[in-house]
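Residues per chain, in single letters:
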Amino acid sequence: MDYLILAINPGSTSTKIALYANEKEIFVKTIEHPAYEIAKYNKVSEQFEMRKEMVLTFLKNNGFETGQLSAVVGRGGMLPSVKSGAYRVNNQMVERLKNNPITDHASNLGALVAYEIANSAGIPSYIYDSVRVDELEDIARISGMPDIPRTSTSHALNSRAMAIRAAKKYGRKYSDMTFIVAHLGGGISLSVHAKGSMVDIIADDEGPFSPERAGRVPCKDLIDLCYKVKYDRTTMQKKLRGNGGLKAYLGTTDARIVENLIEDGNYEAKLIYEAMAYQVAKGIGELATVVKGKVDRIILTGGLAQSPLLTKWIKDRVEFIAPVEIMPGENELESLAFGALRVLEGKEELKEYVD
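The rules behind each value
- Within each chain, residue numbers correspond to sequence positions counted from 1 in written order.
- Given that the model is predicted, a residue must reach a pLDDT of at least 70 before its local features are reported, and side-chain atom pairs must reach 80 or more before they are shown or counted; all residues, however, enter totals for whole chains, interfaces and linings.
- Each side-chain value is derived from all of the structure's non-hydrogen atoms; neither hydrogens nor water enter the calculation.
- The rule is simple: take the accessible area with a 1.4 Å probe, protein chains only, and divide by the maximum for that residue type; under 20% is buried, over 50% is exposed, in between is partly exposed.
- Only DSSP runs of H or I with at least four residues qualify as helices, and only runs of E with at least two residues qualify as strands; both kinds are numbered from the N terminus onward.
- Strands are labelled as partners when DSSP assigns at least two bridges between them.
- Between rings of Phe, Tyr and Trp, where Trp is taken as its six-membered ring, a pair exists when centres lie within 6.5 Å; planes separated by under 30 degrees are stacked, by over 60 edge-to-face, and by other angles tilted.
- To sit over a ring, a charge needs its Lys NZ or Arg CZ within 6 Å of the ring centre and within 35 degrees of the ring normal.
- Contact definition: two residues touch when any of their heavy atoms are within 4.5 Å.
- Every angle, taken between N-to-C directions, lies between 0 and 180 degrees, and every axis is a line fitted to C-alpha atoms, over only the stretch in contact when it is a helix.
- Two helices that cross are described as forming a left-handed crossing if the nearer one is turned anticlockwise from the farther one by less than a right angle, and a right-handed crossing if clockwise.
- Under the convention adopted here, Pro, Cys and the residues Ala, Val, Leu, Ile, Met, Phe, Trp and Tyr are nonpolar, Asp, Glu, Lys and Arg are charged, and Gly plus all remaining residues are polar.
- Delimitation of the domains relies on an automatic or database domain assignment.
- A simple way to read buried area is as the amount of 1.4 Å-probe accessible surface that goes missing from two parts once joined, with both sides added.
- By convention in these notes, a salt bridge is any Lys or Arg side-chain nitrogen within 4 Å of a carboxyl oxygen on Asp or Glu.

Taking an unreviewed UniProt entry as the reference, the chain is identified by name as Probable butyrate kinase belonging to Desulfosporosinus orientis.

*Asks:* Please set out the pairing of strand β10 (residues 297-302) residue by residue, giving values where relevant.
*Replies:* A large share of β10 lies buried, amounting to six of its six residues. Side chains R297, I299 and T301 project from β10 onto one buried face, and the interleaved I298, L300 and G302 project onto a second face that is buried too. With five bridges joining them, strand β7 (residues 178-184) and β10 adopt parallel strand pairing. Residue pairing across strands places V181 opposite I299, the latter belonging to β10.

*Asks:* Residues and numbers for the packing of aromatic side chains, please.
*Replies:* With the rule as written, the count across this model stands at five aromatic pairs. Here Y20 and F338 contribute two aromatic rings whose centre-to-centre distance is 5.7 Å and whose plane-to-plane angle is 80°, an arrangement assigned as edge-to-face. Remark: F338 occurs in helix α12 (residues 332-344) and Y20 occurs in strand β2 (residues 14-21); sequence separation between them is 318 residues. What makes Y20 buried here is its relative accessible area of 3%. Taking 6.0 Å as the distance between ring centres and 45° as the angle between the ring planes, the aromatic pair formed by F209 and Y249 counts as tilted. Here Y249 lies in helix α8 (residues 245-250) and F209 lies in the loop between β9 (197-202) and α6 (219-228), a separation of 40 residues in the sequence. Residue Y249 is classed as partly exposed on the basis of its relative accessible area, which comes to 48%. Grouping aromatic residues by their ring pairs yields a cluster made of F27, F58 and F64. The side chain of R297 reaches across the aromatic face of Y170, ending 4.2 Å from its centre.

*Asks:* Can you lay out the environment of E274 for me, pointing to particular residues and giving the numbers?
*Replies:* Its place among the elements puts E274 in helix α10 (residues 267-288). As for E274 and F27, which are separated by 247 residues in sequence, their C-alpha atoms are 37 Å apart. When residues no more than four places from it in sequence are discounted, the contact partners of E274 are W313 and R317.

*Asks:* Residue-level account of the packing of α6 against helix α7 (residues 233-240), with values.
*Replies:* Between α6 and α7, the least distance of the axes is 11 Å, while the angle of their chain directions is 145°. Crossing geometry of α6 relative to α7 is assigned as right-handed. Across the interface between the two elements, L222, L225 and C226 of α6 pack against M236, K239 and L240 of α7. The class makeup of the residues in the contact of α6 with α7 is five nonpolar, no polar and one charged.

*Asks:* Quick rundown of the sheet that holds β2? Include the residues and the values.
*Replies:* Strands sit in the order β3-β2-β1-β4-β6-β5-β12 across an open sheet of seven strands; the sheet is mixed. Pairing within the sheet leaves two strands with one partner each, and these edge strands are β3 (24-32) and β12 (350-352). Along the sheet, successive strands turn relative to each other by an average axial angle of 30°, direction set aside. Both strand β4 (residues 71-75) and strand β6 (residues 125-128) contribute to a ladder of four bridges, which runs parallel.

*Asks:* Explain the domain arrangement of the chain to me, using residue names and the numbers behind them.
*Replies:* The extent of an interface is frequently quoted as the accessible surface area lost upon association of the parts. Splitting the chain by domain gives domain 1 (4-134 + 332-352) and domain 2 (156-328). On a C-alpha basis, the centres of domain 1 and domain 2 stand 26 Å from each other. Both sides together, the interface formed by domain 1 and domain 2 hides about 890 Å², and carbon and sulfur atoms give 53% of it. When the buried area of domain 1 at its contact with domain 2 is split by residue, D129, E332 and S335 rank highest and sum to 43% of it. Put simply, domain 1 and domain 2 have three salt bridges between them.

Written out as structure tokens, the structure reads:
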């Protein structure tokens, strides 16, 4: 049986959508939202109607009606911690994301837009592998400060999808293998997947710096910087997320520009770029200890995994742990659609969200 699945992935300045017939891609589209349009809204949740209408208009203009769809799946947003996999978008989830999300974030709109479109067509709506997937073992939650326990926020969607794909490549089940996955994008997060669960992670503020994020920094010096220089909260947040990493050192978040500088003999560019690879490799080694070194595959994914230079530097440092698979790209729309497909085909359990 053929299933027609609409996948929706809202970002801060765009809404990415894709239509799949089973595993066959029909189209992928990025609907851009100019800064002046976004500026009209005080909160992300207020953009809901605008984004929904733009998705529906695009479908209609390209000859598709919602009545043709089998399901709609949206990016999972800032809910309280959830397990991996698929959740039905129900009234409780909608109310939580509308009125009391953990953070006012564009990903919250994924479930809301999916729910509205699916309801009008009388079909199910899902989220899949929310950014708030939390399957940490109890020991992994201890931080050293009782008032700041470790929680799980990571690039779970793409990380799990690539691990599932790698297992399939080797004729095995995801639940029978152990992976360390490094998602290398604008933010970098790492996760260890043991027998079907993400048992520990290194979040984008706990480990390697990235093109725009500072990653793990010396805590004492960070406190001193806050109090001595008296930066306000917003400025400090931007130093850590948005103006950190490659941007802080080299003035750009574009790895292609950095690699051009390296080709031209720029020593600082090479040092900083290689330091990012070095920190990713350290993070992989750190997570290998969680599973006592018993790792089947290390996966490098995300947009930066398209860089042969960066991936070689990482691979050279970690392949003694396990073979390295390079699986570049964000793959988020495909991951959403394939997750929904497994539910529709009865290959994966659908979970019910309870607030």
